[in-house]
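# Descriptive analysis of the structure
What follows is the residue order along each chain.
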Amino acid sequence: MPVRGGIKAKKYDWKDTNLALFGSDTEKEVKKESAEQEPAWQGAGQEVGLKIWRIEKFEVKDWPEEDYGEFYNGDSYIILNTYKDEETEELNYDVHFWIGKNSSQDEYGTAAYKTVELDTLLDDKPIQHREVMGHESSLFKSYFSEIRTMDGGASSGFRNVPPENYESRLMRFTKDKKGNVIVREICRCRELVTQGDVFILDKGLTLYQFNGAESEAMERAKAMTFIGKIKSKRGEATSEVLDGDSTPESHEFYQSLDEELDDGNDSDDEDGDGDKKLFRVNTDTRDYEEVKTGDITIDDFKSEDVFIFDSGEVVFVWVGKDASSAEKKNGLPLAHNYLSKEGTRLWKSVTVVREGSKCRQFATALE
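The rules behind each value
- Residues numbered from 1 in each chain as written.
- Predicted model: local features only at pLDDT ≥ 70, side-chain atom pairs only at ≥ 80, totals over all residues.
- Heavy atoms only, no water.
- Pairing = 2+ DSSP bridges.
- Helix = DSSP H or I, 4+ residues; strand = E, 2+ residues; numbered from the N terminus.
- Axes fitted to C-alpha atoms, helices over the stretch in contact; angles between N-to-C directions.
- Salt bridge = Lys/Arg side-chain N within 4 Å of Asp/Glu carboxyl O.
- Buried < 20%, exposed > 50% of the residue type's maximum accessible area, 1.4 Å probe, protein only.
- Contact = heavy atoms within 4.5 Å.
- Phe/Tyr/Trp six-rings, centres within 6.5 Å; stacked < 30°, edge-to-face > 60°.
- Lys NZ or Arg CZ within 6 Å of the ring centre and 35° of its normal.

What follows concerns the sheet that holds strand β8 (residues 169-175). If you walk across this open sheet you meet the seven strands as β3-β7-β9-β8-β10-β11-β12, and the pairing is mixed. Every other strand in the sheet has two partners, leaving β3 (70-72) and β12 (238-243) as the edge strands with one partner each. In this sheet, adjacent strand axes meet at a mean angle of 20° when their direction is disregarded. Both strand β11 (residues 206-211) and β12 contribute to a ladder of six bridges, which runs parallel. Bridging across to β12, Asn-211 finds its partner in Asp-243.

Structure (structure tokens):
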């Protein structure tokens with residue numbers, strides 16, 4: 001029987017995660033000595049480059065470099081980007097945790113906790129980010145030539161399943177609103193295959209690239225490169241390129257599109273920027289009050305306070321240098337609390353910024 005991770009989880013299980021006590025007085029403060037004992041962090045942040053880990057049963061596991069850019073919607077990941085400051089030559093960091101839409105609450109919570117732990121290990125220098133599948137920030141997307149999201153967990157991938165038990169996957173290559181080519185697994189439904197995009201049907205040892213008649217050259221090129229990477233991993237795999245407007249309905253490609261379209265199978269919250277808003281956080285109650293809407297500048301932020309700056313695309317938690325040490329660890333739950341109370345666009349990217357730190361996203365959002 002095909003292996004695909006068992007019963008399908010409900011959409012966006014991660015939204016139900018309770019981070020209310022994360023970083024509070026009742027939560028044990030993350031200790032640097034504890035971080036130093038985490039095997040996965042050995043050597044982390046010591047040289048320029050990208051490093052990715054996957055959360056597996058509460059543990060942090062290395063993600064193979066050949067799979068960078070590939071994510072399963074049932075998993076959560078931690079991504080560390082280490083780069084040199086152009087002026088000081090010092091190492092700087094962006095650390096993201098990525099949430100698959102069907103990632104469990106435990107995995108999401110573990111990823112958030114371990115992200116703060118890694119931040120502590122690196123002496124609080126990293127900028128912390130939270131990313132949600134399908135709505136990743138521009139900064140996150142810049143790390144990869146393409147992002148591929150697939151159903152299930154890593155255990156259902158080709159290398160972990162015998163070829164005869166591998167369930168076919170249908171991938172769509174399409175441009176987002178900023179011109180990036182996005183690779184996403186979709187339901188194997190005939191209705192979803194259009195002439196405007198490029199599709200790859202991955203049957204394990206046989207791959208079909210379907211070029212829609214109205215698809216763009218960039219999408220076709222990305223798909224061809226994508227197939228080349230898969231074939232290099234699998235050795236015996238073969239591929240065929242199909243012209244969308246001349247492929248007969250009797251072809252195996254169409255015959256393999258045997259799933260029914262479920263409600264919400266191919267839909268997500270709509271992206272939208274909205275008005276910029278600034279809120280001051282009451283660090284005792286974790287409630288917040290609106291300070292300003294519209295034109296927001298760095299002068300609106302005060303060192304003794306913590307602010308939530310919703311730029312539309314990204315929610316920033318700005319922590320003043322005179323805020324308490326405890327609050328400097330609470331950026332992620334503060335953002336989670338804000339998004340939960342707002343009740344919309346819970347998928348927004350989150351970034352925690354400490355006063356004085358260099359954050360390219362934050363500076364751009366204020367422009």
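Moving on from the coordinates now.
A complete count under the given rule lists 26 salt bridges for this structure. The residue Glu-38 makes a salt bridge to Lys-114 at a minimum N-O spacing of 2.8 Å. Of this pair, Glu-38 sits in the loop between α1 (32-36) and β1 (49-56) while Lys-114 sits in helix α2 (residues 105-121); the two residues are 76 residues apart in sequence, bridging distant segments of the chain. Exposure remark for Glu-38: the relative accessible area of 13% places this residue in the buried category. The shortest N-O distance in the salt bridge between Lys-348 and Asp-310 comes to 2.8 Å. Here the residue Lys-348 occupies a position in the loop between α6 (331-342) and β17 (349-354), and Asp-310 occupies one in strand β15 (residues 306-310), the gap between them amounting to 38 residues. Of the residues examined, Asp-310 reaches a relative accessible area of 7% and is grouped as buried. Beyond isolated ion pairs, a larger network of salt bridges with shared partners links Glu-167, Arg-188, Asp-258 and Glu-259.

Further remarks concern the sheet that holds strand β13 (residues 277-281). Ordered in space as β2-β1-β4-β5-β6-β17-β16-β15-β13-β14, the 10 strands form an open sheet in which the pairing is mixed. A strand with exactly one partner marks an edge of an open sheet, and here the two such strands are β2 (59-62) and β14 (288-293). The mean angle between the axes of side-by-side strands here comes to 20°, regardless of whether they run parallel or antiparallel. Bridge analysis of β1 against β2 gives four bridges, and the strand direction is antiparallel.

Next up on the list: the environment of Met-218. Here Met-218 shows up in helix α4 (residues 217-234). C-alpha of Met-218 to C-alpha of Val-181: the two residues are 37 residues apart in sequence and 7.7 Å apart in space. Every residue in contact with Met-218, bar those within four places of it in the chain, is listed here: Lys-175, Gly-179 and Val-181.

It is worth spelling out the packing of aromatic side chains at this point. Aromatic ring pairs are reported here in terms of the distance separating the ring centres and the angle at which the planes meet. Summed over the entire model, instances satisfying the criterion amount to 28 aromatic pairs. Considering the side-chain rings of Trp-63 and Tyr-77, the 5.2 Å spacing of their centres and the 75° angle between planes classify their relative orientation as edge-to-face. Highlighted residues: Trp-63 in the loop between β2 and β3 and Tyr-77 in strand β4 (residues 76-84), separated in sequence by 14 residues. Overall, the relative accessible area of 0% leaves Tyr-77 in the buried class. Arg-360 extends its terminal NZ or CZ atom over the ring of Tyr-83, reaching a point 4.5 Å from the ring centre.

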